[in-house]
Each structure stands twice: as structure tokens, then as C-alpha cells.
Amino acid sequence: MGSPEHRRPGSGRRVRRDRHGRGLRGRLVPATVPLARTKAEIFDDLVLDTVETLERRFAKELAGVEFAVEDVPPDLNVYDSDVLEDGEVPLARLLPGRPGRQEVPPRIVLYRRPLEFRAMDREDLADLVHDVIIEQVANLLGVDPDELA
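Every value quoted in this text rests on a predicted model; they were computed, and no experiment measured them.

Caption draft 1: Examining a negative patch on the surface more closely. A cluster of acidic side chains, namely Asp 121, Glu 123, Asp 127, Asp 131 and Glu 135, defines a negative patch on the protein surface. Here Glu 135 is to be found in helix H3 (residues 122-141). Look at Glu 135 and you get partly exposed, because its relative accessible area is 32%.

Caption draft 2: Expanded view of helix H1 (residues 39-57). Taking 1.5 Å of rise per residue, the 19 residues of H1 would be expected to cover 27 Å, and the 28 Å separating its terminal C-alpha atoms lies within 8% of that figure. Buried within H1 we find Phe 43, Leu 46, Val 47, Thr 50, Val 51 and Leu 54. Along the axis of H1, the buried positions cluster into a sector of 125°, meaning they face one direction only.

Caption draft 3: A look at the pattern of salt bridges. Counting across every chain of the model gives three salt bridges. The shortest N-O distance in the salt bridge between Glu 66 and Arg 107 comes to 4.0 Å. Pair noted here: Glu 66 is in strand E1 (residues 66-70) and Arg 107 is in strand E4 (residues 107-111), with a separation of 41 residues, a long-range link. The partly exposed category is assigned to Glu 66, whose relative accessible area is 37%. Given the relative accessible area of 33%, Arg 107 is considered partly exposed. Arg 112 serves as the salt-bridge partner of Asp 71, at 3.0 Å between the closest nitrogen and oxygen. With a gap of 41 residues between them, Asp 71 in the loop between E1 and strand E2 (83-86) and Arg 112 in helix H2 (residues 112-118) connect regions that are remote in the sequence.

What counts, and at which threshold
Residues numbered from 1 in each chain as written. Predicted model: local features only at pLDDT ≥ 70, side-chain atom pairs only at ≥ 80, totals over all residues. Heavy atoms only, no water. Patch = residues over 30% accessible without salt bridge, like charges linked within 9 Å, V, L, I, M, F, W, Y side chains within 5 Å. Areas by Shrake-Rupley, 256 points an atom, 1.4 Å probe, with all protein chains shown as cover. Salt bridge = Lys/Arg side-chain N within 4 Å of Asp/Glu carboxyl O. Lys, Arg positive; Asp, Glu negative; His and termini not counted. Charge placed at Lys NZ, Arg CZ, Asp CG, Glu CD. Helix = DSSP H or I, 4+ residues; strand = E, 2+ residues; numbered from the N terminus. Buried < 20%, exposed > 50% of the residue type's maximum accessible area, 1.4 Å probe, protein only. Expected span 1.5 Å × (residues − 1). Arc of directions from axis to C-beta.

Shown next, in the form of C-alpha cells:
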């Protein structure tokens, strides 16, 4: 049983303290420091940088296109031709839009974990993300990827 000074008044619960009698620690790094950014946030920024660059150049063509990031691809046995693969692992997917009463805009989905796994460092990841987005946008627009790069 703990000593009375380690209990909250009116409750039977103990206050958690470290071995020096202090309370729980706060953040080790302020949220504004880049070290506090998660891999997912860094990846999202890389995607956003490439998309913004493309949208400045091709605003009309990319007006209704949605870009999304998912951690891993869905578990399917066979992938359609709209999936960009490296071996057997999907890296991205182009979902063409469907016109009609319930219009669905075109959507390009990047899979974060497979792309991160193939990159050696952040610069390599930025190049890989850029290349994959360029390839998917080129497929959507029906042009050669070299025209977009």
C-alpha cells in the first residue's frame, strides 16, 4: 500500500510518479520542431508539394482530380491495369471518374508504406513520390510522362 502523500484526496487511486517523485513527463520535443513530425505527415507533404506543382501547370486538366494517400493497398489477389506495381506490390492506383447522375471524380491513390520501403532516404522518397504521381497523372490525361516532368 502506498503512503498517504502519493494518493489523491478523496480517491483510492495512486498518482503515478517517477522514481524522483515527479509527475509524468511532457513532450520531449516541441510540436513545431521537425523531429515531432510523423512519417505519414512528411509523406503527405511530399505528395502535396508534387500535386501543387502539377496543379499550377495543369490547373484545367486536374481541376476535378482527387489525390489520396493510404497506408497500404487493399488485399486483393489480382490487381487491375489501373494499378502501378513494383513486382507484385502496388505503389499507386488510378481510379477513373464516372460521369453521370452520381458523378465520381477521378482519384489517384498512393500507398505510403510500399513507397517508403523502396526509398533509401527522404530525398529518394521525394523523387519516388514525384515519379509515381507523374506516371499516374500522365495515365489519367493520356499523355507521355516526360511531357509532365
